[in-house]
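Below are the chains, spelled out letter by letter.
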Protein chains: 2
Amino acid sequence: MSKYIVVLGTMDTKGEEMAYMKERIEKAGHNGFLIDVAPLGSSLYTPDVPNTEVARIAGYKLSELIQSESREKIMQTMGMGASRVLLNMFKEGNIQGVISLGGNQGTAIASLAMQALPFGFPKYLVSTVASGNIRPYVGYRDIGMVFSVADFLGGLNPVTRSILANAVAAVIGMVERGEGISLEKGQKTAAITALGNTQKAVSRAIEKLKEHGFQVIGFHASGAGGSAMEELIEEGFISGVLDLTPHELAEEVVGEGAYVPVRSGRITAAGKAGIPQVICMGALEYLCFGPRESIPERMRNRKIYMHNPFNANVKITKEEMKEIGTVMAERLNEAKGPAAILVPEKGWSIYGAEDGPLYDPGGNRALVDALRERLKEKVKIEFVDANINEPLFVDRAVEIFIKLSTRA
Amino acid sequence: MSKYIVVLGTMDTKGEEMAYMKERIEKAGHNGFLIDVAPLGSSLYTPDVPNTEVARIAGYKLSELIQSESREKIMQTMGMGASRVLLNMFKEGNIQGVISLGGNQGTAIASLAMQALPFGFPKYLVSTVASGNIRPYVGYRDIGMVFSVADFLGGLNPVTRSILANAVAAVIGMVERGEGISLEKGQKTAAITALGNTQKAVSRAIEKLKEHGFQVIGFHASGAGGSAMEELIEEGFISGVLDLTPHELAEEVVGEGAYVPVRSGRITAAGKAGIPQVICMGALEYLCFGPRESIPERMRNRKIYMHNPFNANVKITKEEMKEIGTVMAERLNEAKGPAAILVPEKGWSIYGAEDGPLYDPGGNRALVDALRERLKEKVKIEFVDANINEPLFVDRAVEIFIKLSTRA
């Protein structure tokens, strides 16, 4: 059955490439659909949705937008408009895949638009900036990105013709044979959060949860991982969170690190959704950075542990630990579902253990005291005399999680 | 006709995922082929190429490798071995696509392996680290990358099942309907280098070159772009280089900036291949950085121009300019083909023009003097009394390029 695949881009400069992509989609028996997100200029090719319509759906008249607003605001508006166009098409069942191409600006607009579509929906982006930091574009989404190798300058050339042909073929492949996220019926789905530093605990917990009939989805506490988890909670895919490694909350509160959540508001989604959550303090005692040069100057006199030459762990101060505890309490107090905190008294990670390089009982105590002061009675806090990675701790965490989940 | 698609990964921890991917490839009527690159551990699933063989082809006995070498060296060796396995399969026509999945380590090994395969060959990588800086993995290659959303922990789950199904479908799509790079017969192919700051010159040059019967491939001087150009020169796709924006040479020589070439040795490939090249000095007077914080401390007292809040241009000192000129002369002196330098006397970019924020006639002169002192007679240097973006300059550059190309 033939499908609808959207080709999205700035048609003033990339009209020829977009027309070529549409042509290849149609040769494969599907329907290509052109959305023009160029704020300026016109194209030799006719779009299915013109840029004026994209601006209009974002609440602007295009001519006024480009006259009165900053370049950044214009881009955001076109991205927002395009995301609404895509979402409307999706809701009406009129789109099965989306592909885009762009330079700096086009990539920003296209990725913003694509973020409106659900996980598992086929999305692909050919970009001149896809050899570098793509987090600003991808965030926590499954947007495939490929480096364009050559620039989109002066129309199609032998290199871009090949890269674009492959990209179009990839989307067609996904549309024809891909799959969205589907849950097995009758099975409960637990989310769990991990870092290398808590991996041993996570592995044991996953095994135990499976024994209890859960299917388990692990998320790397990398800023993108926790954010993806929270999005999936919102979308209804998760029945409970064993938050073994809420590390990203620390980076969010301190405001620095490589793993600041893409979506702010860590540990709020489960509370809003009313599903059970057990918070286990994993890796809340340090911040993650890249190589030594990437550590902000103001933090260079702290305890620093180089996990390897490319990854530095920087200790969080007592004052900051207190602040993290405060924010954690505030957020968990708002939870509509059951929430519990389980504190491993002998350290919250490998490095934070008694013999670890980031051991700091005073800091941990500061966080816990701040928590205790503010936590409402409905959120239970419990202590286990073990390190987070010890079976004693893990088993108790799973036990509490199962108890909350059964009650829920 | 059924094709061969390689699934590459560390089977000790990702065997279940890899077996699932192979199964989906075979359901679509193709042949899945498992390569195990795990330095340690064993899998429940049997690979087609075991890790011992991957190590062996890289010149190591696996058991000795893991005992005697560092983690980094082990990873590099497994990546190198896998790249040789892929390349051998490619040469024998036994592989039409490759897909991989990985965390930090698996992504490093897989991307190293995939880099052996030519541009336009279907390659896709599902990674837990594909929301961040992917340049270390992708380099200047067309390796599609997608964020795994969830971690590969404890086997398949509803999220990874969907993300992997889509990725497999994407590679199948590329294998069935993609296209490699193909040149139109009898047409000469010019490469040209660009930055926003020289774009006007580049656009005019492309037009002129097309009038002269060239097909033109533009490369963004972003570190990855120039490196991709040089790789394509080596592979025989390019008949001449109008190097309007050799900017990356400056970053390579100074050793800092966001656009240091991925492959070092900028402006050497054309010389080695014996194809004509015209070097036009574009944007050699500044370095590119990200936001202001990303500028190294030692450079913060220089002339800095914020192109926008996310992009800083930092002036290169006179001493460094001299060094760039010296390196340029040394490299061009080695050229086997015709080479010429054309200097725009009124500035090498928009920002470097007389009324621009990075105007520095003394610096430019230092570079040019160093060049003149060292250049062998066979490399002509010529001056045009115009800014690089003026038609007067561009037309002369094209004229010289055509002359060298016709003679060649």
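Above: the structure in question.
Model, not experiment: these values are computed from the prediction. All residue numbers here refer to positions counted from 1 along the written sequence of the relevant chain. Each chain gets a letter, beginning with A, and each ligand a number, beginning with 1, in the order they are written. Since the coordinates come from a predicted model, pLDDT governs what is reported: local features require at least 70, and pairs of side-chain atoms require 80 or more to be given and counted, while whole-chain, interface and lining totals use all residues. Working from all heavy atoms in the structure, the side-chain values ignore hydrogens and water.

Novice: Give me the lowdown on a negative patch on the surface, citing residues and values where you can.
Specialist: Patch criteria: residues need more than 30% relative accessible area and no salt bridge. Like-charged residues are merged within 9 Å; nonpolar side chains of Val, Leu, Ile, Met, Phe, Trp and Tyr are merged within 5 Å. Each accessible area is a Shrake-Rupley estimate made with a 1.4 Å probe; only the visible protein chains count as cover when residues are assessed. Salt bridges are counted wherever a side-chain nitrogen of Lys or Arg sits within 4 Å of a carboxyl oxygen of Asp or Glu. By the counting scheme adopted, Arg and Lys are positive, Glu and Asp are negative, and His together with the chain ends is not counted. All charge positions are set by atom: Lys at NZ, Arg at CZ, Asp at CG, Glu at CD. On the surface, a cluster of negative charge is contributed by A:E319, A:E323, A:E330 and A:E334. Positionally, A:E323 belongs in helix α12 (residues 318–333). By the criteria applied, helices consist of DSSP H or I runs no shorter than four residues and strands consist of E runs no shorter than two, each listed in order from the N terminus.

Novice: Describe the relation of the copies chain A and chain B, listing the residues and the values that go with them.
Specialist: Least squares is the method used to superpose the copies, on C-alpha atoms of residues holding a pLDDT of at least 70 in both. Mapping chain A onto chain B calls for a rotation angle of 180 degrees and an axial translation of 0.0 Å; the resulting RMSD is 0.0 Å. Given the turn and translation reported, the copies of this chain are related as if by a two-fold rotation axis. We call two residues in contact whenever any of their non-hydrogen atoms come within 4.5 Å of each other. Taken as a fraction of all interface residues of chain A, those also at the interface in chain B reach 100%, which identifies the copy contact as same-surface.

Novice: I'd like to hear about the environment of B:P261, residue by residue, with values.
Specialist: Residues and elements named next belong to chain B. By the element assignment, P261 lies in the loop between α10 (247–254) and α11 (269–273). We call a residue buried when its accessible area falls under 20% of the maximum for its residue type, exposed when it is over 50%, and partly exposed in between, using a 1.4 Å probe and counting protein chains only. Taking the relative accessible area as the measure of exposure, P261 reaches 8% and is therefore buried. Spatially, the C-alpha atoms of P261 and E319 are 21 Å apart, while their sequence positions differ by 58 residues. With sequence-adjacent residues up to four places away left out, P261 is seen in contact with G223, S227, E248, E252 and R266.

Novice: Outline the pattern of salt bridges, listing residues and values.
Specialist: Residues and elements named next belong to chain B. The tally for this structure, following the rule as stated, stands at 42 salt bridges over all chains. One salt bridge connects K27 with E23, and the closest N-O pair in it is separated by 3.9 Å. With a gap of four residues between them, K27 and E23 both fall in helix α1 (residues 11–27), about one helical turn apart. For R266, the salt bridge goes to E230, with nearest N and O atoms at 3.6 Å. Residue R266 is found in the loop between α10 and α11, and its partner E230 is found in helix α9 (residues 224–234); the two are separated by 36 residues along the sequence. Each of the two residues, R266 as well as E230, counts as buried.

Novice: So, the packing of helix α8 (residues 199–211) of chain B against helix α14 (residues 391–407) of chain B: which residues are in play, and what are the values?
Specialist: All names here are of chain B. Lines fitted to the C-alpha atoms define the axes, with helices restricted to the stretch that makes contact. Angles between their N-to-C directions range from 0 to 180 degrees. With their axes 9 Å apart at the nearest point, α8 and α14 run at an angle of 40 degrees to one another. Taken together, α8 and α14 sit at an angle that is classed as oblique. As α8 runs across α14, the sense of the crossing is right-handed. Each of A201, R204, A205, K208 and L209 in α8 lies in contact with α14, whose residues at this interface are P391, V394, D395, V398, F401 and I402. When the residues that make up the contact of α8 with α14 are grouped by side-chain class, the tally is eight nonpolar, no polar and three charged. For this classification, under 35 degrees means roughly parallel, over 145 means roughly antiparallel, 65 to 115 means roughly perpendicular, and everything else is oblique. Crossing handedness is read from the near helix: turned anticlockwise from the far helix by less than a right angle, it gives a left-handed crossing, and turned clockwise, a right-handed one. Note that Gly is not counted as nonpolar here; it falls among the polar residues with everything else outside the nonpolar set of Ala, Val, Leu, Ile, Met, Phe, Trp, Tyr, Cys and Pro and the charged set of Asp, Glu, Lys and Arg.

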